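# Architecture and fold: a report
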Amino acid sequence: MDFGLAIKTCFSKYADFTGRASRPEYWWFFLFSVIVYFVTSFVDGAIGLPILNVIAMLALLLPSLAVGARRLHDMDYSGWWLLLALVPVLGSIALIVWFCMPGTPGANRFGEVPAQAPALPNTQSAA
């Protein structure tokens, strides 16, 4: 999954907390969110009002929670484990470690393996 497809997928599943999300889908959307927050903070600093950053935070809150829950589902954890982020420092560290782990192979209680980007054609010839 590439950057654009991950963003499109996360916004098409804006508030969908069911199913599974692959590591690339989660991390590409995370990178997109960081870029949006950086740009809106810069623009807000230039105009002197924190309005764009607040709008961006509100617009990205639900899809960020949804993709986080789907990422946890990929490892066969409940999405409620996102509440672990409320535990100072240790909760966030635990979630980051889980988000970096590979998902469970094959189907689990949350569904089938998330769709991956199509494989590149094999360019090596059999000699």
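Cut-offs used in this document
Residues numbered from 1 in each chain as written. Predicted model: local features only at pLDDT ≥ 70, side-chain atom pairs only at ≥ 80, totals over all residues. Heavy atoms only, no water. Phe/Tyr/Trp six-rings, centres within 6.5 Å; stacked < 30°, edge-to-face > 60°. Helix = DSSP H or I, 4+ residues; strand = E, 2+ residues; numbered from the N terminus. Buried < 20%, exposed > 50% of the residue type's maximum accessible area, 1.4 Å probe, protein only. Core = buried A, V, L, I, M, F, W, Y, C linked by side-chain atoms within 4.5 Å. Contact = heavy atoms within 4.5 Å. Arc of directions from axis to C-beta.

### Some thoughts on the packing of aromatic side chains
Here the structure, examined in full by the defined rule, presents 12 aromatic pairs. Judged by centre distance (4.5 Å) and plane angle (25°), the ring pair of Y77 and W98 falls under stacked. With Y77 in the loop between α3 (51–74) and α4 (90–100) and W98 in helix α4, the pair connects residues that are 21 residues apart, well separated along the chain. The class for Y77 is partly exposed, based on a relative accessible area of 25%. The buried category is assigned to W98, whose relative accessible area is 16%. Put simply, the rings of F3, F11, Y14, W28, F29 and F32 touch in pairs and so form one group of aromatic residues.

### Looking at the nonpolar core
F29, F32, V67, L72 and F99 are the most contacted members of the largest nonpolar core, which totals 17 residues. In terms of residue count, α3 provides more of this core than any other element does, five residues in total. Residues within four places of F29 in sequence aside, it is in contact with I7, C10, F11, L60, P63, S64 and V67.

### Details of α4
Of the residues making up α4, those classed as buried are G91, L95, W98 and F99. Buried residues of α4, viewed axially, fall in a sector of 100°; they line one side. Of the surrounding secondary structure, the elements contacted by the buried residues of α4 are α2 (23–47) and α3.

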